[in-house]
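# Tertiary structure, described
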Amino acid sequence: MAEEMKKTAEVETTPKTEKKTKEPKVKEAKRKKTKKMRTYQQRQDRAGYMFMAPWIVGFAIFTLFPLFFTVYLSFTNVKTTALGYDFTFSGVENYINAFVGNNEFLPAVLSYLKMIIPYTFIVVVLSFIIAYLLSKIKTGKGLLRTLYFLPVVIMSGPVMEQIMTVQSAGETVSAAEQLAAAREQATAYSNIFIMQIIESYSPALAHGLAGIFDQLSIILWFTGIPIVLFINGLQKINGSIYEAAKIDSANAWQIMWKITIPMLKQTGLIITVFTVIQLGMFGSINPLYSLIEEKTGETGTGLGFAATYAWIYSIIVLIIVGFVFILFKDRKPADIKARQKQEKKLKKLEKQQKKRLAAQRRHQKKEAKLYGK
């Protein structure tokens, strides 16, 4: 009987001891896996930082210091003397003079806004249309992509600047010639039926469209990189999604608006920001850029005004980019928002319940200590 009792006790205790020994082994295995994942992630991070190291060093040396130094310059008057630069602190005087005592800056800002908004819209929409059509073509796709990307290679040199300077050569003529050119521009498209309809509702919109049509050859030069990016985004969309939509009897228009465009939102965001920055780099179409260059070359108090104009221009660009981020932000459906609100409420209730239980336990422990239970 004693031997049988020992055997039963051994049988009862062995699974408990095995469970106890298994638990630390499982924990150790999990720790090893997490360490491996951490080391792998650390290796990936290190490789990424190594590739980015030249750009980070170059930015810290050549860009970061000038960026903060222009802030200081915008609050000073800088004069060039025989001994070098003479800095005198002026406070917010440069910013006040930029908006109040200057006849060049505000017109340049307004002309920049008139340029950047329609040009960006047309470049993004036109590049999307061309990329969508190129993705549908099967024969000669590589040749057409090369032809549309070829202006980007030419635009990187002085050729594009020369073309745009010739395009905007009308700014140097007299006021009477500019008025005559504006009238010709307004009446150039008056024979088109659609332009007549637009002009009857809004003459300003019709004149703006006429100016865009005159600059269409220049606008097409900026669509090379956006077309490539849109084609890349279109190729990443899974074809099974289109097949499922066709099975559900969706037409091409519904597929484009419900599948293609929503899935290209992030690509459109990158292209829009890139286009805003790219268009602002050419002084022939951006008067603010040419004004900053002009003030930078002035010897008397020009550098301080140039820094002021540069920072105001940077703030305007950041506001435009912020508006673009809001425009391309992913909006969640109403049912998902309601579900998330409910989940947040449940989490709050769970936290409150945990706090109440913890308070009750503390109270019970205090009572046990007081009454010796």
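That block above? That's the structure.
An account of the accompanying structure is given in this report. (Residues numbered from 1 in each chain as written. Predicted model: local features only at pLDDT ≥ 70, side-chain atom pairs only at ≥ 80, totals over all residues. Heavy atoms only, no water.)

### A word on the overall build of the protein chain
For the protein chain, the count of helices and strands is 16 helices and two strands. Per-residue burial over the protein chain gives 26% buried out of 373 residues. The long-range fraction of contacts in the protein chain, counting pairs at least 24 apart against all pairs at least 6 apart in sequence, stands at 67%. When the accessible surface of the protein chain is split by element, carbon and sulfur atoms take 65% of a total near 27300 Å². (Helix = DSSP H or I, 4+ residues; strand = E, 2+ residues; numbered from the N terminus. Buried < 20%, exposed > 50% of the residue type's maximum accessible area, 1.4 Å probe, protein only. Contact = heavy atoms within 4.5 Å. Areas by Shrake-Rupley, 256 points an atom, 1.4 Å probe, with all protein chains shown as cover.)

### Let's talk about the side chain of Ser127
With respect to the helices and strands, the residue Ser127 is situated in helix H3 (residues 105–136). For Ser127, the side chain forms a polar contact with the main-chain oxygen of Val123, separated by 2.7 Å. Aside from chain neighbours lying at most four places away, what touches Ser127 is Ile122, Thr223, Pro226, Ile227 and Phe230. (Polar contact = N/O pair within 3.5 Å; in protein donor to acceptor, adjacent residues only side chain to side chain.)

### Regarding the nonpolar core
Among the nonpolar cores identified, the biggest contains 33 residues, and Phe105, Tyr112, Ile116, Phe222, Leu288 and Tyr309 are the most heavily contacted of them. Looking at this core, the elements that each hand over two or more residues are helix H2 (93–99), H3, helix H9 (216–221), helix H13 (265–279), helix H14 (287–297) and helix H15 (302–327). Ignoring sequence-local partners within four residues, the contact set of Tyr309 consists of Ala98, Asn102, Phe105, Leu291, Ile292 and Lys295. Within the second largest apolar cluster, 18 residues are counted, among which are Ile237, Ile255, Ile259 and Ile271. (Core = buried A, V, L, I, M, F, W, Y, C linked by side-chain atoms within 4.5 Å.)

### A look at a nonpolar patch on the surface
A surface patch of nonpolar side chains, about 550 Å² in accessible area, is lined by Phe65, Phe69, Tyr72, Tyr85 and Phe87. Of all the secondary structure elements, the ones that give two or more residues to the nonpolar patch are helix H1 (2–74) and strand S2 (84–89). Along the polypeptide, Tyr85 turns up in strand S2. For Tyr85, a relative accessible area of 56% puts it in the exposed group. (Patch = residues over 30% accessible without salt bridge, like charges linked within 9 Å, V, L, I, M, F, W, Y side chains within 5 Å. Salt bridge = Lys/Arg side-chain N within 4 Å of Asp/Glu carboxyl O.)

### Thoughts on helix H12 (residues 252–263)
Residues spaced three or four apart along an α-helix point in a common direction, a consequence of the helix completing one turn every 3.6 residues. A rise of 1.5 Å per residue sets the reference length of H12, with its twelve residues, at 16 Å; its end C-alpha atoms lie 15 Å apart and thus fit the reference within 8%. Along H12, the residues that are buried comprise Ile255, Met256, Ile259 and Thr260. Viewed end-on, H12 has its buried residues packed into an arc of 125°, placing them on one side of the element. Away from its buried face, by an angle of more than 90 degrees, H12 presents the exposed residues Trp253 and Lys258. Those residues of H12 hidden inside the fold are in contact with H3, helix H10 (224–235) and helix H11 (239–247). (Expected span 1.5 Å × (residues − 1). Arc of directions from axis to C-beta.)

Everything listed here is a matter of geometry and, on its own, says nothing about what the molecule does.
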